[in-house]
Amino acid sequence: MRTSYKITQNIDWVTIGLYALMVTLGWMNIYAAVYNPENVTSIFDFTLNSGKQLAWIGTSVIIIIMLFAIDYKAYDSLAYGIYWFVILILLGTLVFASPIKGSRSWLVITESVRLQPAEFAKFATALAVSRFMSGINLRQQNWKDQAKLAGLALLPPVIIILQNETGSALVFAAFTLAFFREGMSPLILIIGAVAVFVFVLTLLIPQWYLAGIVTVLMGAYMWLNFHRIKRYLPTYIGIWVAVLAMVFSVTYFIDNILQEHQQNRIKVLVDPEIDPLGVGWNVTQSKIAIGSGGFFGKGFLEGTQTKFDFVPEQSTDFIFCTVGEEHGWLGSLIIIGLFMALLTRIIFVAERQRSVFGRTYGYCVASIIFFHFLVNIGMTIGLAPVVGIPLPFFSYGGSSLWSFTILLFILLAIDAHRKLDLGRE
Amino acid sequence: MKYLEGRKYVIQAIFIAIGAVYLIKLFYIQVLDDSYKTAAETNALRRVVQYPFRGLVYDRTGKLLVENTPVYDLMVVPKEAKSIDTLKLCQLVGITLPEYREKIKAAKAYSYVRPSPFLQRLTNTEFAAIQDNLVDFPGFYINARTVRGYQHSSLAHALGYIGEISPRQLEDSTYKGYRQGDYLGISGIEREYEQYLMGKRGVKYTMVNVRGIEKGSFKNGAYDTLSEAGQNLVTTIDLKLQEYGEKLMSGGKVGSIVAIEPKTGEILALVSAPYFDPSLLTGKELGNNYMKLLRDPTKPLFNRPLMATYPPGSIFKLAQALIAMQEGVLTPNTGYPCNWSLVKCSHRHEYPANLNIAIENSCNPYFYQVFRSVVNRGKYRNVYEDARQGLDNWNKHIKSFGFASSLDIDLPGEKKGLMPSSKFYDRIYKRDGWKFPTIYSVSIGQGETGVTPLQMANFVATVANRGYYFKPHIVRSVGEKGKPLPEYSVKNYTSVDPRHFPPVIDGMQLVVEKGTGRNASLKHIGVVLCGKTGTVQNPHGKDHSVFIAFAPKDDPKIAIAVYVENAGGGAIAAAPMASLMIEKYLTDTITTAYRKRWEHDMINGSFYKWTD
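Residues numbered from 1 in each chain as written. Chains lettered and ligands numbered in written order. Predicted model: local features only at pLDDT ≥ 70, side-chain atom pairs only at ≥ 80, totals over all residues.

Please clarify how the overall build of chain A should be interpreted in this entry.
The secondary structure content of chain A amounts to 18 helices and two strands. Looking at chain A as a whole, 43% of its 425 residues are labelled buried. Pairs at least 24 apart in sequence give 70% of the contacts found in chain A among residues at least 6 apart. (Helix = DSSP H or I, 4+ residues; strand = E, 2+ residues; numbered from the N terminus. Buried ≥ 20, exposed ≤ 12 C-beta atoms within 10 Å, placed from the backbone. Contact = placed C-beta atoms within 7 Å.)

What follows is the structure in structure tokens.
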């Protein structure tokens, strides 16, 4: 180990630059979202979300410095410790926290400062999963290890669902992308994609028609290719039965398992017109705000839809509306471009890690950020159901900004020392 | 494990694909689809119509007849009106709890987040009570607007009232530009001069938030237009005279007084009795009061001076004389015997050796013979045809006085009245089924004649002018220094030559000096008043009392027609009233003690002391 190793030379400044840019743009858009033309206050005003966000950004910088200061090997060696600590806090929150908006997920520190431990479960789980992956070979058909891994990834979301924060829990599905990179069968991804596809079809087409269409298509396929596939006939029949089972269970699932507001969010996704003043309000208003932005947008602080409360949760979950309304398609292009650049860079960083731990962690980071991006922007333009998860680095919120900062900068801290790592592969 | 490295491209591809799909969708909703922009404008832009002040209305002396007074509506936004002390609010505005719930329900039915009227047209006391406590009731606020207000209680019929536009009017293209809930003139001057009074509306675009609360102007008012206040009107009415006339006609009398300035055609007073306070048809109780007035058996809403047509009675003899002279069948010196042949006379009097004596005594047989000489000219051998031609010739003359046609007064609802023509009788009696004896009662203003009090007043103004009239009108200028509408400054000549008027006027002087109209004399103030009584037979009850007059004789300043239903002879009610009106107008006061007693009797309706 060389003592003259300078981590500054190895820090990935490209990622830091993207991070700084996104956080700054986010901060400005939060100001635009809470801006009141009748009562103009400074962007630094601490009573506004923009002022508070600046404080969160400031503390994030301290967190970053601390993350770099910590011995990089600690992330690996303390991974499980951190994981179980967060699990404990999650359980504690579930038991002891008083519900806010029906969700037992907040740790109230002061009147205006609250933390959501579920946010921190993401990086903790990412660390634990990566640690576990570095010790096993996922391709070996070791049933026990796979179950353990699944358990690690599923325990936090189960607690979070119990806290009534379904949105945050869904994020943990993103880990499948990282698992895929490390050797998980692509079949699982494909099955997942098919499941989503069938799910959406079930919403659009009455279930008996859909069942008929599936049966006819699969029957025709098997009939025409009978000689080629007769060996796998039981498999095909199994798939057919599974799809049919899914088709018939979706309706049951929506009507009986989901809570009413969740049912509505899915129904609105399929048909936003069903109740534009009620359950469809969010999606309708969000699309109006973004759609009215045009190509160049209405200009900074000139948005009417976001400013005058037509769009709900403008500075948090629906922050992208402010971007779309005030900066138009060009602004959307820049934001989406920034995310694409960041994700690409994270994958690049992940791939250059010498350890499975570092690489897996890198992919976990990319997957989590991507999942947030996918659902958050998707819901504002009506392509994804309304799920209350923030847009990384843009949405207002301390827990969210801190957790994404920690998530990203642990990777950068590991990455900065990558040349010291001998690698296990 | 090298081969797994390829999977990074799969993951990359998934990321890029989603980013691309989102950008395409965004391009579609942001750039290609314009409907979101429209929706955003409907959302956040409110087009607020700026209602201008409605024009004020003055009388001829500058007194304010119609003004604008502020009224207050209590508005509610149901979403914000939660957790309030409902009971206290109910007490403040004087409603019951079930009423409160009903009103909130109605407001919610309109919109949960937008304001709707909770209580309209609060009285000043209610407003004061609520204003101080409004902070305790979030979601409730006061919306101020103006309604018409009056500092007097006169002239309701002519002034008219304003009300909300009806659904039928909304569909009518003449009311283009009005919107649901707009107010407009419904009757009287308010309706006739709506286009001047209403002013020009302005439009202000304001930005509103999701609860409809205004959040400042849009683009600094670049698209806003200013409202312009309505034009004020100066009427021809003399409020003092009008009030005096209404006082004379008070106490359940039914009838009309119309006073006109002959030189201009300006209406000085327009009394319709029974009358009502114009402020009844404004403010909170408009609907209730209107229904009450509508159901009143004495029909106070009926604008009698313009809409009631009566037989004119003996005053019509003046017109008969004028036409006969014009036709050359009568000279001032023509005498006819008071022979009681077909028509009786009201009283015994000296032999009507000339027109003056006939007018002075209102001799029925005389004018029967005058009218016969006009109708039966002997130009046709067929008596029926002769009567037809004679009557139509007469009809042409009588119409030139403004009878049987609209005088185009600047008020709505004017009736034309009736003067018979040959066609009219042909319809009743068939052609060749009638001749002069059939229609003789027209000679003395009975029978098939219908004249509005306005036409009577216009007629006497025409006589005062010796042969012409200005169309009577009630607005002398649009704007403080404007002019009346152009059609009111045109002299309308009758078909009777001006030289035929003085003999008739002399007769009218005699009526007052020693004839049937002595009660109207203004000798005590040195004014020569010319008048003519009329007693209209009424098959349903007591006779109607009629009097027309103008004064002073040589420089007429006022011409007047008084019509009092069921009051008896013209001399006992209408004549004294007319003379009191004229004295009041000329001298601004009633001087002598006996005149004061008359005035008192007239107001009380003690007509019995007055006999022909």
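Continuing now.
Please explain the overall build of chain B as it appears in this structure.
Along the backbone of chain B there are 22 helices and 18 strands. When each of the 612 residues of chain B is scored for burial, the buried share is 43%. Pairs at least 24 residues apart make up 71% of the contacts formed inside chain B by residues separated by at least 6 positions.

How do you make sense of the nonpolar core when you look at a structure like this?
If you look at soluble globular proteins, the nonpolar side chains tend to sit buried side by side. One finds Ala259, Ala457, Val460, Ala549, Ile560, Ala578 and Met581 of chain B to be the most contacted residues of the largest nonpolar core, which totals 131 residues. A domain-level breakdown of this core finds at least three residues from each of domain 1 (48–72 + 144–235) and domain 2 (239–290 + 302–609) of chain B. Contacts of Ala457 of chain B, omitting those with residues within four sequence positions, involve Val258, Ala259, Ile260, Ala559, Ile560 and Ala561 of chain B. One finds Leu149, Val268, Leu342 and Leu412 of chain A within the second-largest nonpolar core, a separate group that totals 115 residues. (Core = buried A, V, L, I, M, F, W, Y, C linked by C-beta atoms within 7 Å. Domains from an automatic or database assignment.)

In this structure, what is going on with the interface of chain B and chain A? I would like to understand it.
By convention, interface size is frequently given as the accessible area that disappears when the constituent parts associate. With 31 residues of chain B at the contact, the number on the chain A side is 38 residues. Every element with two or more residues in the side of chain B that touches chain A is listed here: helix H1 (7–32), helix H2 (35–44), strand E8 (202–208) and strand E9 (214–217) of chain B. For the side of chain B that touches chain A, the leading source of residues is H1 of chain B, giving 16 residues. Partitioned by chemical class, the residues of the side of chain B that touches chain A number 19 nonpolar, six polar and six charged. (Nonpolar A, V, L, I, M, F, W, Y, C, P; charged D, E, K, R; others polar.)

I would appreciate a short explanation of the pairing of strand E16 (residues 530–536) of chain B in the present structure.
The side chains of a regular strand alternate between the sheet's two faces. All names here are of chain B. For E16, the buried fraction is high: seven of the seven residues fall into the buried class. Burial along E16 is two-sided: the face carrying Cys530, Lys532, Gly534 and Val536 and the face carrying Gly531, Thr533 and Thr535 are both buried. As judged from the seven bridges shared by E16 and strand E17 (residues 544–551), these two strands associate in the antiparallel manner. In the sheet register, Cys530 faces E17, and the bridge partner there is Phe550. (Pairing = 2+ DSSP bridges.)

Just to check I follow, could you spell out unusual backbone geometry for this structure?
The bulk of non-glycine residues show a negative phi, and the bulk of peptide bonds are trans. Look at the link from Ala273 of chain B to Pro274 of chain B: it is a cis peptide, with omega at 0°. With respect to the helices and strands, the residue Pro274 of chain B is situated in the loop between strand E12 (266–273) and helix H11 (286–295). Cis rather than trans, the peptide bond between Ala551 of chain B and Pro552 of chain B has omega equal to -15°. Tracing the sequence through the fold places Pro552 of chain B in the loop between E17 and strand E18 (558–564). Non-glycine residue Phe393 of chain A carries a positive phi angle of around 70°. On the secondary structure map, Phe393 of chain A appears in the loop between helix H17 (356–380) and helix H18 (398–416). Even without being a glycine, Lys299 of chain B presents a positive backbone phi close to 50°. In this fold, Lys299 of chain B is placed in the loop between H11 and helix H12 (304–307). For Lys299 of chain B, a count of 16 C-beta atoms within 10 Å gives the class partly exposed.

Can you walk me through helix H20 (residues 501–514) of chain B in this structure?
Residues and elements named next belong to chain B. Here H20 is 14 residues long and its end C-alpha atoms lie 20 Å apart, about the 20 Å a rise of 1.5 Å per residue gives. Taken residue by residue, H20 has Phe501, Pro503, Val504, Ile505, Gly507, Met508, Gln509, Val511 and Val512 as its buried positions. Turning to H20, the residues buried within the fold contact helix H13 (316–326), helix H14 (355–360), helix H19 (453–464) and E16. (Expected span 1.5 Å × (residues − 1).)

Would you take a moment to explain the sheet that holds E18 of chain B for this structure?
The pairing of strands in a sheet comes from backbone hydrogen bonds and takes either a parallel or an antiparallel form. Residues and elements named next belong to chain B. Within the open sheet, the five strands sit side by side as E12-E11-E18-E17-E16. Their pairing is antiparallel. If you trace the sheet from one side to the other, it starts and ends with E12 and E16, each paired once. Shown here is a sheet whose adjacent strand axes are inclined to one another by a mean of 5°, direction ignored. Against the sheet, helix H10 (residues 239–248) engages strand E11 (255–261) and E12, with an angle of about 25° to E12. Of the strands in this sheet, E11, E12, E16, E17 and E18 are in contact with helix H21 (residues 574–587), which crosses E18 at around 145°. (Axes fitted to C-alpha atoms, helices over the stretch in contact; angles between N-to-C directions.)

So what exactly am I meant to see when it comes to helix H13 (residues 233–257) of chain A here?
It helps to recall that an α-helix has 3.6 residues per turn; residues three or four apart then point in one direction. With 25 residues, H13 of chain A extends 33 Å from end C-alpha to end C-alpha; this agrees with the ideal 36 Å at 1.5 Å per step. At Ser249 of chain A, H13 of chain A shows its largest kink, close to 30°. (Bend = angle between axes of the 7 residues up to and from the residue.)

Where do I start with the confidence of the model for chain B in this structure?
Mean pLDDT over chain B works out to 88, with 96% of the residues at or above the 70 mark. The complex prediction reports pTM at 0.63, with the ipTM value standing at 0.91. (pLDDT = per-residue confidence, 0-100.)

Whenever I open this one, the environment of Asn376 of chain A confuses me. Can you help?
All names here are of chain A. If you trace the backbone, Asn376 turns up in helix H17. The exposure class of Asn376 is buried, given the 23 C-beta atoms found within 10 Å. Between the C-alpha atoms of Asn376 and Gly388, which are 12 residues apart in sequence, the distance is 7.8 Å.

Can you help me understand the environment of Leu154 of chain A in this one?
Relative to the assigned elements, Leu154 of chain A resides in helix H7 (residues 143–162). C-alpha separation for the pair Leu154 of chain A and Phe175 of chain A, spaced 21 residues apart in sequence, amounts to 10.0 Å.

Just checking my understanding: could you explain the pairing of E12 of chain B for this structure?
All names here are of chain B. Most of E12 sits out of view: eight of its eight residues are buried. Pairing analysis gives seven bridges linking E11 to E12, with the strands arranged antiparallel. When the sheet's bridge partners are listed, Ile257 is paired in E12 with Val271. Here E11 folds back onto E12, and the loop between the two strands holds four residues, one of which, Gly265, carries a positive phi near 80°.

Got a minute to help me understand the packing of H21 of chain B against helix H22 (residues 593–604) of chain B in this structure?
Helices that pack against each other are described as a pair by the angle of their axes relative to one another and the distance between those axes. All names here are of chain B. Packing of H21 against H22 brings their axes to within 10 Å, and their N-to-C directions diverge by 120°. It follows that H21 is oblique to H22 by the angle criterion. In the packing of H21 onto H22, the handedness of the crossing is left-handed. The residues of H22 that touch H21, namely those facing Pro576, Met577 and Leu580, are Trp598, Glu599 and Met602. (Parallel < 35°, antiparallel > 145°, perpendicular 65-115°, else oblique. Left-handed = near helix turned anticlockwise from the far one by under 90°.)

Is there a simple way to think about the packing of helix H5 (residues 79–96) of chain A against helix H6 (residues 117–135) of chain A in this case?
Residue and element names in this part refer to chain A. The N-to-C vectors of H5 and H6 enclose an angle of 150°; their axes lie 8 Å apart at closest approach. Considering their axes alone, H5 and H6 lie roughly antiparallel with respect to each other. As for the relative orientation of H5 and H6, their crossing is left-handed in sense. For the pair H5 and H6, the contacting residues are Ala79, Tyr80, Ile82, Tyr83, Val86, Ile89, Leu90 and Thr93 in the first and Pro117, Ala118, Phe120, Ala121, Ala124, Thr125, Leu127, Ala128, Ser130 and Arg131 in the second. Class assignment for the residues of the contact of H5 with H6 results in 14 nonpolar, three polar and one charged.

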